Amino acid sequence: HAGILPSQVLVIPLGTPLAVEPPKIEERAAAKKILGYSEDDVIVGIFGFAAGYKGIDVLSDSLCYLPERFKVAIIGGRHPGNVNERAIEKIIHDASENSNEAGKNVGRLRLTGYLEISEIRAYRSACDIVVAPYREVNLSSSAAVTWALSSGRPLVASNIAAFREIC
């Protein structure tokens with residue numbers, strides 16, 4: 001409808017393969033146990049590279065307002081382009097047992113690092129809710145949000161342009 005010939009359009013699949021089905025509710029307890037969580041823990045997941053523009057520092061700071069059973073899983077590792085980013089360093093510090101604040105998020109926040117697909121699927125099953133508290137940085141899309149959507153769990157996302165059309 002925009003006047004572009006179909007032959008000039010290249011579709012690049014982004015995110016999870018279409019064959020990936022959302023996890024079943026009954027898989028949640030088993031996945032939590034495998035990952036070292038309690039069945040009563042409420043797992044808040046965020047997928048993809050950990051980067052400051054994804055608002056993970058806000059997510060980490062919000063834990064103090066939630067009951068102890070709420071745990072955050074940052075399902076991914078450091079973004080290779082932002083290895084010394086302050087937001088990531090703060091999160092690692094807050095989750096560390098060596099934190100000056102007595103490890104305010106020790107046991108409540110997990111930065112998984114790189115995971116194999118089977119481990120990602122376990123986290124998808126274990127999550128009770130997924131979030132994408134991104135800051136506006138002129139993104140056109142997010143593979144991490146497609147993983148979140150494929151989890152079949154409620155998604156809370158920032159009201160940024162890249163998400164308005166897909167969420």
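Residues numbered from 1 in each chain as written. Predicted model: local features only at pLDDT ≥ 70, side-chain atom pairs only at ≥ 80, totals over all residues. Heavy atoms only, no water.

Across its full length, the protein carries six helices and five strands. By residue count, 42% of the 167 residues in the protein fall in the buried class. Nonlocal contacts in the protein, meaning residues at least 24 apart in sequence, comprise 75% of its contacts between residues at least 6 apart. For the protein, the exposed area adds up to about 9,900 Å²; of that, 56% sits on carbon and sulfur atoms. (Helix = DSSP H or I, 4+ residues; strand = E, 2+ residues; numbered from the N terminus. Buried < 20%, exposed > 50% of the residue type's maximum accessible area, 1.4 Å probe, protein only. Contact = heavy atoms within 4.5 Å. Areas by Shrake-Rupley, 256 points an atom, 1.4 Å probe, with all protein chains shown as cover.)

When helix H1 (residues 27-34) is considered as a whole, its buried residues turn out to be Arg28, Ala31 and Lys32. Buried residues along H1 cover an arc of 100° about the axis, so they all sit on one side. Turned more than 90 degrees from where H1 packs its buried face, Lys33 and Ile34 sit exposed. Residues of H1 that are buried in the fold lie against strand S1 (42-47) and helix H4 (117-126). Looking at the residues trailing H1, positive phi occurs at glycine 36, about 90°. (Arc of directions from axis to C-beta.)

The subject of this paragraph is the layout of surface pockets. When its volume is computed, the largest pocket comes out at roughly 470 Å³. What lines the largest pocket is a set of 21 residues, among which Phe47, Gly48, Phe49, Ile75 and Gly76 lie closest to the centre. Ranked by the residues each element gives to the lining of the largest pocket, the list is headed by helix H5 (residues 143-150), at three residues. When grouped by side-chain class, the residues that make up the lining of the largest pocket number 12 nonpolar, eight polar and one charged. There is about 160 Å³ of room inside the second largest pocket. For the lining of the second largest pocket, the secondary structure elements donating two or more residues are H5 and helix H6 (161-164). By residue class, the composition of the lining of the second largest pocket is five nonpolar, four polar and one charged. (1 Å grid on protein atoms, 1.4 Å probe; cavity = no way out; pocket = protein on both sides within 12 Å on 5 of 7 lines; lining within 4 Å. Points joined across faces, edges and corners; volume = space filled by probe spheres on them. Nonpolar A, V, L, I, M, F, W, Y, C, P; charged D, E, K, R; others polar.)

Averaged over every residue, the pLDDT of the protein is 81; residues scoring 70 or more account for 84%. When mean pLDDT is taken per element in the protein, S1 scores highest with 94 and helix H3 (residues 86-95) scores lowest with 72. (pLDDT = per-residue confidence, 0-100.)

In this section: unusual backbone geometry. Backbone geometry at asparagine 138 places phi at a positive 65°, although glycine is not the residue there. With respect to the element layout, asparagine 138 can be found in the loop between strand S4 (129-132) and H5. Taking relative accessible area as the criterion, asparagine 138 reaches 71% and is therefore assigned exposed.

A word on the pairing of strand S2 (residues 70-75). Here S2 lies mainly inside the structure; six of its six residues are buried. Every second residue of S2 is oriented toward a common face, with Phe70, Val72 and Ile74 on one face and Lys71, Ala73 and Ile75 on the other, all of them buried. Where S1 and S2 come together, six bridges link them in parallel fashion. Bridging from a neighbouring strand, valine 42 pairs with phenylalanine 70 of S2. (Pairing = 2+ DSSP bridges.)

The next point concerns the packing of aromatic side chains. Both the distance between ring centres and the angle between the ring planes are used here to describe each pair of aromatic rings. This model, assessed by the stated rule, comprises three aromatic pairs. On the numbers, 5.8 Å between centres and 85° between planes, the contact of tyrosine 53 with tyrosine 134 is edge-to-face. Linking tyrosine 53 in the loop between S1 and helix H2 (56-62) with tyrosine 134 in the loop between S4 and H5, this pair joins segments that are 81 residues apart in sequence. In this structure tyrosine 53 comes out as partly exposed when scored by relative accessible area, which is 23%. (Phe/Tyr/Trp six-rings, centres within 6.5 Å; stacked < 30°, edge-to-face > 60°.)

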